Amino acid sequence: MTVVHTFEPTLTDELNVNVGDTVRILEEYRDQWCLVQHVGPADAPRGVVPRFCLQEQKRIFPGPRL
């Protein structure tokens, strides 16, 4: 997922994310919040962010070789 809206945490379980960051969703909640982790090492920061801050990454598939 790509971050499309910056989010600054106000609680200890929230994660600071900036536009352009790449995160993976670990869990989605009914209240439109998500537990995410920055892409990188296994111990990368994790926390909750509002779902509206995130957007699916567009996948680019290579075309057939000619």
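For the structure itself, look to the data block above.
All of these numbers come straight from a predicted model, not from anything done at the bench.

Criteria and cut-off values
- Residues numbered from 1 in each chain as written.
- Predicted model: local features only at pLDDT ≥ 70, side-chain atom pairs only at ≥ 80, totals over all residues.
- Heavy atoms only, no water.
- Pairing = 2+ DSSP bridges.
- Helix = DSSP H or I, 4+ residues; strand = E, 2+ residues; numbered from the N terminus.
- Axes fitted to C-alpha atoms, helices over the stretch in contact; angles between N-to-C directions.

**Student:** Would you take a moment to explain the sheet that holds strand β3 (residues 33-38) for this structure?
**Tutor:** What links the strands of a sheet is backbone hydrogen bonding, and the strands pair in either a parallel or an antiparallel sense. Pairing is antiparallel in the open sheet, where three strands are placed in the order β2-β3-β4. Each of the sheet's edge strands pairs with one partner strand only, and the pair in question is β2 (23-28) and β4 (46-50). In this sheet, neighbouring strand axes are inclined to one another by 40° on average, regardless of whether the strands run parallel or antiparallel. Across five bridges, β3 lies against β4 in antiparallel orientation. By the bridge assignment for β4, Val36 is matched with Gly47.

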